[in-house]
Amino acid sequence: MSNMLKQEEMETLRELIKDVDTAMLTTVTEEGLVSRPMKTQEIEFDGDLWFFTKKATNKYEEILHDQDVNVTYAGKSYVSVRGRAEIIEDLGKKKELWSKANEKIMQTSYDDPNVILIKVKAEAAEYWETGNFTKKIAFFYKRMTGQSSKSTDINETVELNK
């Protein structure tokens, strides 16, 4: 994949998720998959997604055990990002991303040792743009009539890390 194409794909994903404040972060547990809402910390998507949490949470333990995660966004379009999560405790990065809203929600400050960042390095993403009404109608019609709906191409998949 060329760097130009990769840059275009990043820009498409950035555009699709920029106005969606809350994402669903899915982690792997011994019982299966678990999803929970999380506030994305950086609007400018560059291949990494950032979230604040505390060490005293299940998601912290789950990521220490298995770094494979999925992050989904639902807004004007739908985006599903597959990636690898990393726990970041860098005080400078926490200060850079911290806001008054975080302080209110988490009831602490960025320099609290219990506060950590989850960095998700995107590996691939799939998205469905809701703006193409004709494709959606064709897709649902083909589904209802038992025809193959693959030819309607209402979603796109991009590999970001290859």
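Within each chain, residues carry numbers counting from 1 in the order of the written sequence. Reporting of local features is limited, given that this is a predicted model, to residues whose pLDDT is at least 70; pairs of side-chain atoms are given and counted only at 80 or more, and all residues count toward the totals for whole chains, interfaces and linings. Hydrogens are left out, water is left out, and the side-chain values use all remaining heavy atoms of the structure.

### Describing the overall build of the chain
Line of reasoning, step 1. To qualify as a helix, a DSSP run of H or I must reach at least 4 residues; to qualify as a strand, a run of E must reach at least 2; elements of each kind are numbered from the N terminus. Helix and strand content of the chain: five helices and seven strands.
Line of reasoning, step 2. Reading the secondary structure of the chain in the N-to-C direction produces α-β-β-β-α-β-β-α-α-β-α-β.
Line of reasoning, step 3. Here the chain holds 162 residues, and the buried ones make up 40% of them.
Line of reasoning, step 4. Contacts are assigned to residue pairs that have any heavy atoms within 4.5 Å of one another. A sequence separation of at least 24 residues applies to 65% of the contacts in the chain between residues at least 6 apart.
Line of reasoning, step 5. For the chain, the accessible area works out to roughly 9,800 Å², and carbon and sulfur atoms hold 50% of it. Only protein chains enter the accessibility calculation, which uses a 1.4 Å probe; a residue is then buried when its area is under 20% of its type maximum, exposed when over 50%, and partly exposed in between. Using a 1.4 Å probe, accessible areas were evaluated by the Shrake-Rupley method; residue-level cover was limited to the displayed protein chains.

### What to know about the confidence of the model for the chain
Line of reasoning, step 1. Known as pLDDT, the predictor's confidence for each residue is given on a scale from 0 to 100. On average, residues of the chain carry a pLDDT of 83, and 77% of them reach 70 or more.
Line of reasoning, step 2. Averaged pLDDT values over the elements of the chain bottom out at 50 in helix α5 (residues 133–144) and peak at 97 in strand β1 (residues 22–28).
Line of reasoning, step 3. Every residue in residues 133–139 scores below 50 in pLDDT, and together they form nine contacts with partners more than four places removed in sequence or on other chains.

### Regarding the environment of Ala124
Line of reasoning, step 1. Within the secondary structure, Ala124 sits in strand β6 (residues 115–129).
Line of reasoning, step 2. Spatially, the C-alpha atom of Ala124 lies 5.9 Å from that of Val81, the residues being 43 residues apart in sequence.

### Describing the packing of aromatic side chains
To describe a pair of aromatic rings, one takes the distance between the centres and the angle between the planes.
Line of reasoning, step 1. We call Phe, Tyr and Trp rings a pair once their centres come within 6.5 Å, taking the six-membered ring for Trp, and we label the pair stacked below 30 degrees between planes, edge-to-face above 60, and tilted otherwise. The full count for this structure, using the stated rule, is one aromatic pair.
Line of reasoning, step 2. Summarising the aromatic geometry, the rings of Phe52 and Trp98 are spaced 4.9 Å apart at their centres and angled 90 degrees between planes, so their arrangement reads as edge-to-face. With Phe52 in strand β3 (residues 48–54) and Trp98 in the loop between α3 (91–97) and α4 (100–106), the pair connects residues that are 46 residues apart, well separated along the chain. Per residue, the accessibility class of Phe52 equals that of Trp98, and both read buried.
Line of reasoning, step 3. Charge-over-ring contacts are defined here by two conditions on Lys NZ or Arg CZ: a distance within 6 Å of the ring centre and an angle within 35 degrees of the ring normal. When the ring centre of Trp50 is taken as origin, the NZ or CZ atom of Lys93, which lies over that ring, is 4.7 Å away.

### Some thoughts on the pairing of strand β2 (residues 33–39)
Line of reasoning, step 1. DSSP-based pairing: two strands are paired if at least 2 bridges between them are found. With seven bridges joining them, β1 and β2 adopt antiparallel strand pairing. Among the inter-strand pairings, Val28 is bridged to a residue of β2, identified as Leu33.
Line of reasoning, step 2. The turn joining β1 and β2, which pair antiparallel and follow one another in sequence, is formed by four residues; a positive phi near 140 degrees is taken by Gly32.

### Thoughts on the pattern of salt bridges
Line of reasoning, step 1. Salt-bridge detection follows one rule: a side-chain nitrogen of Lys or Arg within 4 Å of a carboxyl oxygen of Asp or Glu. Applying the stated criterion across every chain, the model contains seven salt bridges.
Line of reasoning, step 2. With a closest N to O distance of 3.0 Å, Glu15 and Lys18 form a salt bridge.
Line of reasoning, step 3. Exposure remark for Glu15: the relative accessible area of 49% places this residue in the partly exposed category.
Line of reasoning, step 4. A residue is classified by how much of its surface remains accessible, and Lys18, at 34% relative accessible area, is partly exposed.
Line of reasoning, step 5. A salt bridge links Arg84 to Asp68, with the nearest nitrogen and oxygen atoms 2.9 Å apart. Placement of the pair is Arg84 in strand β5 (residues 77–88) and Asp68 in strand β4 (residues 68–74), with a sequence separation of 16 residues.

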